[in-house]
Amino acid sequence: MKNKVAYLGLFLSLALVCSYVEAIIPFSFGIPGVKLGLANIVTLWLLLCSDWKDALWVLILRIVLGSIFAGQVLSFAYSLSGGLLCLAAMAILHHFLVKKQIVITS
């Protein structure tokens, strides 16, 4: 891909917007720290369109920049561990399932 940096930057900005929208939505599961996971849609989309390495870069940069922009540095570790586990599970399921079963992968 010729413009890979621009391509990944577009996905990163989309993931940051989804994180911001998720932060302003007053939605509660009743368990502290549990979120809807809208930014993981972008990670899944990138995993399907590209490879897991690009998805990992966008995931890490989204969590770092999102923690800096939101001012919640203490939630960085929780977001990073949850995001990495989610990416690992999606990558394993994507490897064993066909692309038509994207609902199971998500």
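Computed from a predicted structure; not experimentally measured.

A. Layout of the side chain of D54. Locating D54 in the fold gives a position in helix α3 (residues 52–70). D54 sits in the buried class, given a relative accessible area of 6%. Ignoring sequence-local partners within four residues, the contact set of D54 consists of K4, L8 and L46.

B. Layout of α3. Along its 19 residues, α3 runs 26 Å from first to last C-alpha, staying within 8% of the 27 Å computed at 1.5 Å per residue. Residues of α3 that are buried in the fold lie against α1 (4–24), α2 (39–49) and α4 (76–96). Note on α3: the residue one or two positions beyond its end, G71, has a positive phi of about 80°.

What counts and how
- Residues numbered from 1 in each chain as written.
- Predicted model: local features only at pLDDT ≥ 70, side-chain atom pairs only at ≥ 80, totals over all residues.
- Heavy atoms only, no water.
- Helix = DSSP H or I, 4+ residues; strand = E, 2+ residues; numbered from the N terminus.
- Buried < 20%, exposed > 50% of the residue type's maximum accessible area, 1.4 Å probe, protein only.
- Contact = heavy atoms within 4.5 Å.
- Expected span 1.5 Å × (residues − 1).

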